[in-house]
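Reading the structure
Letter by letter, the chains look like this.
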Number of protein chains: 2
Amino acid sequence: MSYRQYFARYLPKIEEAIEGALQAPDPRVEEHYAMMAYHLGLRDHHLRPAKVNAGKRVRPMLCLLTCEAVGEDPDQALPAAASIELLHNFSLIHDDIEDNSPTRRGRPTVWHLWGIAQAINVGDGLFSLARYLLNELGASHPPQRVLQVQRLFDQTCLRLTEGQYLDMKFESTLDIRPEDYLYMIEGKTAALIEASTSIGALLGGAAPEIQEAYAAFGRYVGLTFQIIDDILGIWGREQETGKSAASDIITKKKTYPVLYGLNHPQIGPTLRELYDGPSLSQEEVRLVVDLLEKAGAREAAYSLAEEYHQDALRALDRTGVKRPAQEALRDFANTLLHRRA
Amino acid sequence: MSYRQYFARYLPKIEEAIEGALQAPDPRVEEHYAMMAYHLGLRDHHLRPAKVNAGKRVRPMLCLLTCEAVGEDPDQALPAAASIELLHNFSLIHDDIEDNSPTRRGRPTVWHLWGIAQAINVGDGLFSLARYLLNELGASHPPQRVLQVQRLFDQTCLRLTEGQYLDMKFESTLDIRPEDYLYMIEGKTAALIEASTSIGALLGGAAPEIQEAYAAFGRYVGLTFQIIDDILGIWGREQETGKSAASDIITKKKTYPVLYGLNHPQIGPTLRELYDGPSLSQEEVRLVVDLLEKAGAREAAYSLAEEYHQDALRALDRTGVKRPAQEALRDFANTLLHRRA
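Bear in mind the structure is a predicted one, so any value in this text is a computation, not a measurement. (Residues numbered from 1 in each chain as written. Chains lettered and ligands numbered in written order. Predicted model: local features only at pLDDT ≥ 70, side-chain atom pairs only at ≥ 80, totals over all residues.)

**Regarding the overall build of chain A**
Selection rule: Strands here mean DSSP runs of E at least two residues long; helices mean DSSP runs of H or I at least four residues long; both are numbered from the N terminus. The globule rule used for comparison is 2.2 Å times the number of residues to the exponent 0.38, while the radius of gyration itself is calculated over C-alpha atoms. To sort residues by burial, count the other C-beta atoms lying within 10 Å of each one's C-beta; a count of 20 or more means buried, 12 or fewer means exposed, and anything in between means partly exposed. C-beta atoms are built from the backbone. Note that contacts rest on C-beta atoms placed from the backbone: two residues are in contact if these are within 7 Å.
Counting its regular elements, chain A contains 15 helices and two strands. Rg of the C-alpha trace for chain A: 21 Å, near the compact-globule value of 20 Å for 341 residues, within the 12% margin. With respect to the principal axes defined by its C-alpha atoms, chain A has extents near 60 × 50 × 35 Å. Of all 341 residues assigned to chain A, the portion counted as buried reaches 52%. Taking the intrachain contacts of chain A between residues at least 6 apart in sequence as the baseline, contacts between residues at least 24 apart amount to 69%.

**Considerations on the interface of chain B and chain A**
What counts, and what does not: When residues are grouped by polarity, Ala, Val, Leu, Ile, Met, Phe, Trp, Tyr, Cys and Pro land in nonpolar, Asp, Glu, Lys and Arg in charged, and all others, Gly among them, in polar.
Tallying the contact residues gives 37 residues for chain B and 37 residues for chain A. Those elements that provide at least two residues to the side of chain B that touches chain A are helix 4 (78–98), helix 5 (110–134), helix 6 (143–170) and helix 7 (178–203) of chain B. In terms of residues, the side of chain B that touches chain A owes the most to one element, helix 6 of chain B, which gives 16 residues. Looking at the side of chain B that touches chain A residue by residue, the class counts come to 16 nonpolar, 13 polar and eight charged.

**Focus: the confidence of the model for chain A**
Rule in force here: What pLDDT expresses is the predictor's confidence in each residue, scored from 0 to 100.
For chain A, mean pLDDT is 96; residues scoring 70 or higher make up 100% of the total. Scored as a whole, the predicted complex attains pTM 0.96, and scored at its interfaces, ipTM 0.96.

**Here we look at unusual backbone geometry**
In terms of backbone geometry, most residues other than glycine have negative phi values and most peptide bonds are trans. One non-glycine residue, Leu 47 of chain B, lies in positive phi territory at about 65°. Topologically, Leu 47 of chain B is positioned in the loop between helix 2 (30–39) and helix 3 (58–69).

**Section: the nonpolar core**
Where a protein is soluble and globular, its nonpolar side chains tend to be buried together. Where we set the bar: As used throughout, a nonpolar core is a set of buried Ala, Val, Leu, Ile, Met, Phe, Trp, Tyr and Cys residues joined through C-beta atoms within 7 Å of each other.
The biggest cluster of nonpolar side chains holds 224 residues, and the ones touching the most others in it are Leu 65, Ala 80, Leu 86 and Phe 217 of chain A together with Leu 65, Ala 80 and Phe 217 of chain B. If we skip the residues at most four places from it in the chain, Leu 65 of chain A touches Tyr 3, Tyr 6, Gly 200, Ala 325, Ala 328 and Leu 329 of chain A.

**Describing helix 1 (residues 3–21) of chain B**
Applicable threshold: Here the expected length of a helix is defined as 1.5 Å per residue gap, with one fewer gap than residues.
Taking 1.5 Å of rise per residue, the 19 residues of helix 1 of chain B would be expected to cover 27 Å, and the 26 Å separating its terminal C-alpha atoms lies within 8% of that figure. Contacts from the buried residues of helix 1 of chain B go to helix 3, helix 4, helix 5 and helix 15 (324–338) of chain B.

**Examining the relation of the copies chain B and chain A**
Cut-off, in case you're wondering: When the copies are superposed, the least-squares fit takes in the C-alpha atoms of residues with a pLDDT of at least 70 in both.
Between the two copies, chain B and chain A, the superposition gives an RMSD of 0.0 Å; the rotation angle is 180° and the shift along the axis is 0.0 Å. Classification of the inter-copy transformation places it as that of a two-fold axis. For chain B, the residue whose C-alpha comes nearest the rotation axis is Pro 143 of chain B, separated from it by 2.9 Å.

**Some points on the packing of helix 4 (residues 78–98) of chain A against helix 5 (residues 110–134) of chain A**
Residue and element names in this part refer to chain A. Rule in force here: Fitted lines through C-alpha atoms give the axes, limited to the stretch in contact for helices. The angle between two N-to-C directions lies from 0 to 180 degrees. Every angle not falling under 35 degrees, over 145, or within 65 to 115 is termed oblique; those three ranges are roughly parallel, roughly antiparallel and roughly perpendicular. Put simply, a crossing is left-handed when the front helix is turned counterclockwise from the back one by less than a right angle, and right-handed when it is turned clockwise.
Their axes nearest at 8 Å, the elements helix 4 and helix 5 cross at an angle of 155°. By the criterion of interaxial angle, the relationship of helix 4 to helix 5 is roughly antiparallel. Handedness of the helix 4/helix 5 crossing: left-handed. In terms of residue class, the contact of helix 4 with helix 5 is made up of 20 nonpolar, four polar and one charged.

Put into structure tokens, the structure is as follows:
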């Protein structure tokens, strides 16, 4: 069974758990919860019930799939899976304010519709709700295990904010070493995927070393995902990604290939001069892409992604027995590496 | 022993616990944690270690005092007490952005110094840290009890954001019933004080009905505190409060006495007309204060505060045995009711 078949099976359960969590406890605060639901694609901008594309729910999927991979009924991990998706979306609501983004997935962002003040608070509400939902685990897991999940979850929240701190800090400097960038994406991107697989394994009753292997799998999958994303942000094809070609160069995002270039002895100085100015002309964008390509930035990024991918597969091998859900996880990792969008 | 003597004894422990929690796990994210420490008064605006007035730490004090009141060593509640103070301060960092406040306690706010984007994230970091700190309770309490604390804490976070949602919503309407206002302050102000005493009692090993009595005590103390605050915001003396007289009328805050007036059959229509305009002249401010006074708004607010105060004392009576720390809680509640600043 491919990972897509598992995902299709899980999706309705995840949606149901999320919708259940978003019920307001009192009609007076109905709108507060409805704005959260808007962001999650469950309401339209009039806050009427709707069903809009609002992401693929990849993290909760991986949580359930890992729970199944260790031999347990994935329902055992359902509250945690939904909680992880809420946490992810809380961080997106705040990211959208921080990045001043008016749209996400073709819809106006929460701050754009209801103002920055309410949007900050809607994010805080969703964050609180994500945490609150974890308490449901107590009904079907021993207290000690629930505490382990909560600790992992809280650690992940901290790493998310650390990664976000660095990401914003990097905006105002060109002196970023590739290893600092990798440390940043470990927090901003990989930590939550690591938490998804790690918590899925834990709730599936895996032994500590098996859980650790699944945690590593998630972390490396997250890192692979981000580096491939970085490559597609420069060399992706417009027809495939849906974004304009070289979009990350146009916005001067300091992704891995760019940092490779900025730290490169030959092209570094030229690149620094270009990145020091206010914005790049079309011609300069083409020049940057060309310089990066010739200096080997694309290749370097791709071999890094492949390395992480191999690390992920090795971690998966350490999890022992072969179950169909494990193969689906491998299938998922392979698809990520070769994606073009 | 007065509550002040207890507080003086607790303060160094609380400060130590807070400073301990704010240590960065990696030098690359040192600044992220230092900005949190700035808000808590432990760094100056160059982020150098400092010791600046940044609040009285009332909530953690009440948490420890309640733990002692049920007969337990207050150190048993210390991580939770520090966590509650971090949670309170996270909410202030975000409130300052939402209210567009450039200063707090005579110092520039986090957003004013480092921008809205970083300030949102600093708040998120502090929120995460508050949660993370609770995990330390596992070292000295049974898992089931730690889970109860976490659930209470998460519920409180939700109620805080619900209260904040309503507070902002009320800014744009004059149609607020007094009971809706009380529901709002129960979330925004009273919930966290309720959590402080409730968690203190729980970690002190109190039986459920005793814990419930302490929770009620905290809730009513919080409500009393807010209503007295509302009175002082209109009728407080400048020399005592340090704020200009009638400051809440100048800023058109819809506090309890104002809502009493807006909903009053005689003065309501005049007041609504005045509050409908853009801002009040000095003369109009005086008129509003006068109208409220004559319609009995101050008296109504004060008797409501007294009612809550009596509820608080009755709750305290339900907690049974008389210990010095219980008397200190009573002393604290009495001082709140009669404060002039």
